Amino acid sequence: MAKILFVITASDHWTLADGTRQPAGFWAEEALGPYAVFKAAGYEIAAATPGGVPPTADALSLSPDFNGGEEGAERMRTALREATELARPLRIEDVRIDDYAAVFYPGGWGPMEDLPDNAESGRLLTEWLASGKPVSLVCHGPAALLATVGPDGTSPFTGYRLTGLSNAEEKQNGLADRAKWLLQDRLVSDLEADYREADPFTPHVEVDRTLFTGQNPGSAVPLAQEVLKALS
């Protein structure tokens with residue numbers, strides 16, 4: 001049975017410009033929605049994190065406020081408990097891309113902390129792009145693409161059309177004015193990406209060759225569905 005790899009942040013915080021550690025991790029909806037889509041289509045799931053550290057779901061993403069009430073929050077918490085593969089990650093450096101059909105990077109604030117400069121993740125993304133298999137990242141997940149920039153300032157993803165959490169959305173999240181940098185800005189400045197955005201927090205997916213990106217949490221399931229189309 002074919003497998004899809006989830007590469008997930010190992011960080012449980014995001015360090016802001018003033019040194020404050022914002023509690024973070026991965027955003028549950030962005031991992032569990034695609035997880036359910038891929039499992040329903042018959043794919044096995046595996047996970048990898050920096051150092052093989054079991055990932056932390058952002059507590060906010062499991063709260064009633066972000067799940068339409070307590071009932072929705074309990075469904076999310078139950079889905080997280082049942083997604084046992086995500087709790088037993090490989091180390092990124094131990095991943096063999098030949099074992100997987102596609103890779104998926106969920107977002108959350110955690111990826112802003114440990115993935116932009118993670119050399120092993122950058123190497124993995126570079127090899128995955130060269131393999132011709134789908135590379136998919138959602139919300140803050142595209143921060144991982146920054147680790148593919150080489151000493152000469154170029155990346156194999158330079159010039160790609162893509163999306164990710166917009167500056168407008170980060171402002172609505174309330175942390176834009178305290179962040180060291182904003183994702184949209186770095187995708188444009190470091191990757192010279194053809195960045196596209198929709199209205200804040202509306203589903204939006206971009207597909208450019210084998211790169212699949214989603215703008216925000218509501219884009220995670222549509223993004224997974226686009227990956228499935230490419231795999232079929």
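Rules and cut-offs
- Residues numbered from 1 in each chain as written.
- Predicted model: local features only at pLDDT ≥ 70, side-chain atom pairs only at ≥ 80, totals over all residues.
- Heavy atoms only, no water.
- Helix = DSSP H or I, 4+ residues; strand = E, 2+ residues; numbered from the N terminus.
- Rg over C-alpha atoms; globule rule 2.2 N^0.38 Å.
- Buried < 20%, exposed > 50% of the residue type's maximum accessible area, 1.4 Å probe, protein only.
- Contact = heavy atoms within 4.5 Å.
- Areas by Shrake-Rupley, 256 points an atom, 1.4 Å probe, with all protein chains shown as cover.
- Lys, Arg positive; Asp, Glu negative; His and termini not counted.
- Charge placed at Lys NZ, Arg CZ, Asp CG, Glu CD.
- Phe/Tyr/Trp six-rings, centres within 6.5 Å; stacked < 30°, edge-to-face > 60°.
- Lys NZ or Arg CZ within 6 Å of the ring centre and 35° of its normal.
- Axes fitted to C-alpha atoms, helices over the stretch in contact; angles between N-to-C directions.
- Left-handed = near helix turned anticlockwise from the far one by under 90°.
- Nonpolar A, V, L, I, M, F, W, Y, C, P; charged D, E, K, R; others polar.
- Salt bridge = Lys/Arg side-chain N within 4 Å of Asp/Glu carboxyl O.
- 1 Å grid on protein atoms, 1.4 Å probe; cavity = no way out; pocket = protein on both sides within 12 Å on 5 of 7 lines; lining within 4 Å.
- Points joined across faces, edges and corners; volume = space filled by probe spheres on them.
- Pairing = 2+ DSSP bridges.

Asker: What exactly am I supposed to notice about the overall build of the protein here?
Answerer: The helix and strand tally for the protein stands at 7 helices and 11 strands. Taken over C-alpha atoms, the radius of gyration comes to 16 Å for the protein, in line with the 17 Å a tight globule of 232 residues would show. With the C-alpha coordinates aligned to their principal axes, the bounding extent of the protein is approximately 50 × 45 × 35 Å. Evaluated residue by residue, the protein yields a buried proportion of 54% over its 232 residues. Look at the contacts in the protein between residues 6 or more apart in sequence, and 76% of them connect residues 24 or more apart. A total accessible area of about 9,600 Å² is found for the protein, and carbon and sulfur atoms account for 50% of it. Once the 19 positive and 34 negative side-chain charges of the protein are each reduced to a mean point, those two points are 4 Å apart.

Asker: Help me understand the packing of aromatic side chains in this model?
Answerer: Two descriptors summarise a pair of aromatic rings, namely the distance from one centre to the other and the angle between the planes of the rings. All chains considered together, the criterion is met by 7 aromatic pairs. Ring geometry for Phe6 and Phe104: centres 5.3 Å apart, planes at 35°, overall tilted. Highlighted residues: Phe6 in strand β1 (residues 3-7) and Phe104 in strand β6 (residues 102-105), separated in sequence by 98 residues. With a centroid separation of 5.2 Å and an interplanar angle of 90°, the aromatic rings of Trp27 and Phe66 are classed as edge-to-face. Of the two residues, Trp27 sits in the loop between β3 (21-23) and α1 (28-40) while Phe66 sits in the loop between β4 (44-49) and α2 (70-82), which places them 39 residues apart along the sequence. The class for Trp27 is buried, based on a relative accessible area of 13%. Among the aromatic side chains, those forming a connected cluster through ring pairs are Phe6, Phe38 and Phe104. Here Arg186 stacks its cationic end above the ring of Trp181, 4.6 Å away from the centre of that ring. Cation over ring: Arg209 sits above Tyr160, and NZ or CZ is 3.7 Å from the ring centre.

Asker: Sorry, what's going on with the packing of α1 against α2 here?
Answerer: With their axes 10 Å apart at the nearest point, α1 and α2 run at an angle of 65° to one another. Crossing geometry of α1 relative to α2 is assigned as left-handed. Facing Ala28, Glu29, Leu32 and Tyr35 of α1, the residues of α2 in contact are Met76, Ala79, Leu80 and Glu82. For the contact of α1 with α2, the class distribution of residues is 6 nonpolar, no polar and 2 charged.

Asker: What exactly am I supposed to notice about the pattern of salt bridges here?
Answerer: Tallying each qualifying case throughout the model produces 16 salt bridges. Between Arg77 and Glu74 there is a salt bridge, and its shortest N-O distance comes to 3.2 Å. Separated by 3 residues within a single helix, Arg77 and Glu74 lie in helix α2, roughly one turn from each other. Residue Glu74 is classed as partly exposed on the basis of its relative accessible area of 33%.

Asker: What am I meant to see in the layout of surface pockets here?
Answerer: Gaps left between atoms are located by rolling a probe of water-molecule size over the structure's atoms. Space inside the largest pocket adds up to approximately 320 Å³. Here the residues of the lining of the largest pocket are counted per class, giving 8 nonpolar, 6 polar and 3 charged.

Asker: Where do I start with the pairing of β1 in this structure?
Answerer: Sheet faces and side chains relate simply in a regular strand, where the side chains alternate between the two faces. Most of β1 sits out of view: 4 of its 5 residues are buried. Judged from the 5 bridges that link them, β1 and β4 form a sheet pairing that is parallel. If you follow Ile4 over to β4, its bridge partner there is Ile45.

Asker: What exactly am I supposed to notice about the sheet that holds strand β10 (residues 205-208) here?
Answerer: Sheet strands pair by backbone hydrogen bonding; their relative direction is either parallel or antiparallel. Spatially, the 7 strands line up as an open sheet ordered β5-β4-β1-β6-β7-β11-β10, and their pairing is mixed. Whereas interior strands pair on both sides, the edge strands pair on one side only; in this sheet they are β5 (90-91) and β10. Packing of helix α7 (residues 220-231) onto the sheet brings it into contact with β1, β6, β7 (135-138), β10 and β11 (211-214), and relative to β11 it is tilted by some 165°.

Asker: Can you help me understand the packing of α1 against α7 in this one?
Answerer: Helix packing geometry: the angle between the two helix axes and the distance between the axes. Close contact between α1 and α7 brings their axes to 8 Å; oriented N to C, the two are set at 35°. The hand of the α1/α7 crossing is right-handed. In this structure, α1 contributes Glu29, Glu30, Gly33, Pro34, Val37 and Phe38 to the contact, and α7 contributes Ala220, Val221, Ala224, Gln225, Val227 and Leu228. Residues of the contact of α1 with α7, tallied by class, amount to 8 nonpolar, 2 polar and 2 charged.

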